[in-house]
Amino acid sequence: MFKTELHLHSAEVSDCARVFSKDIADTYAAHGYSTVVITNHMSQYTFSSKRNGARENMTWEEKVDFYLNGYYSLKEAANGRFNVLLGMELRFYDSANDYLIYGVTEDFLRSNGDLMQLKNVKGLRPLIDENRLLLYQAHPFRNGMQVTNPAYLDGIEVFNGHLDHDSRNDVAEIWADKFDLKRTSGSDYHYPAQTPNAGILTDFEIKDNKTLVSTLKSGQFTLLKGQ
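Below or above, wherever it landed, is the structure these notes cover. Only a predicted model underlies this, so the values are computations on that prediction, with no experimental measurement involved.

Focus on the pairing of strand β2 (residues 35-38)
Phase 1: Burial along β2 is two-sided: the face carrying Thr35 and Val37 and the face carrying Val36 and Ile38 are both buried.
Phase 2: In terms of strand pairing, strand β1 (residues 2-8) meets β2 through 3 bridges, oriented parallel. Within β2, the position partnered with leucine 8 by the bridge is isoleucine 38.

Here is the structure:
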């Protein structure tokens, strides 16, 4: 079986993360992951953080360069021990909700401008469909989150392994049942003290985003939920 992480952050980009790519790579290799999807925060805090050098006045191209640094750094650190795929955790400027996007490419980031300026997922949905991506709400029942119209989502994260938040994973499972939403699971890895404990298990290796998207659509996987 092959193990894939669907939610992790690196300190090169995400202000809230405390682990850099070298240590992330060693940790995930040691825990037997064959693939990780790096989903750094695409939010205003990523670029306004003092730790990140207050990059809010950068051009969009420069912001994308900074954002992609996390992905390329982890690929280099993995050094062939596991596959690294580009994903995203997007937050709009006027919202506290977080959305996991799978199938992201560098061209998608550079071609569509500042996605954070979109008002809501209704405005984002056409871009998701046009680019054959998938859109999931992360930890939808954590404090501070607002319920999103399921019609604009492909699914929701029903298990989130963050150490410092109650994501009410049991409620997310009920919500997914009620609205027939696809499910994901992620460690939401941020800190050295965390043990990667989530994602999906497949009987084939997920080597690229095309395979990831088709797998999530098909449901041909088993959710890892904190085992």
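Next comes the rest of the account.
A look at the pairing of strand β7 (residues 134-137)
Phase 1: Burial along β7 is two-sided: Leu134 and Tyr136 and Leu135 and Gln137, pointing in opposite directions, are all buried.
Phase 2: When strand β6 (residues 99-102) meets β7, the two strands line up antiparallel, connected through 4 bridges. When the bridges of β7 are listed, tyrosine 99 appears paired with glutamine 137.

Here we look at the sheet that holds β7
Phase 1: The strand order across the open sheet formed by 6 strands is β3-β5-β6-β7-β8-β9, and the pairing between neighbours is mixed. Strand pairing shows two members of the sheet lacking a second neighbour, β3 (41-42) and β9 (182-186), which therefore form its edges.
Phase 2: With 2 bridges joining them, β3 and strand β5 (residues 88-90) adopt parallel strand pairing. Pairing of histidine 41 across the sheet is with glutamate 89, part of β5.
Phase 3: Most of the contacts of helix α5 (residues 121-130) go to β7, to which it runs at about 150 degrees, and overall it touches β5, β6 and β7.
Phase 4: Packing of helix α7 (residues 209-218) onto the sheet brings it into contact with β6, β7 and β9, and relative to β7 it is tilted by some 60 degrees.

Rules behind the numbers
Residues numbered from 1 in each chain as written. Predicted model: local features only at pLDDT ≥ 70, side-chain atom pairs only at ≥ 80, totals over all residues. Heavy atoms only, no water. Buried < 20%, exposed > 50% of the residue type's maximum accessible area, 1.4 Å probe, protein only. Helix = DSSP H or I, 4+ residues; strand = E, 2+ residues; numbered from the N terminus. Pairing = 2+ DSSP bridges. Contact = heavy atoms within 4.5 Å. Axes fitted to C-alpha atoms, helices over the stretch in contact; angles between N-to-C directions.

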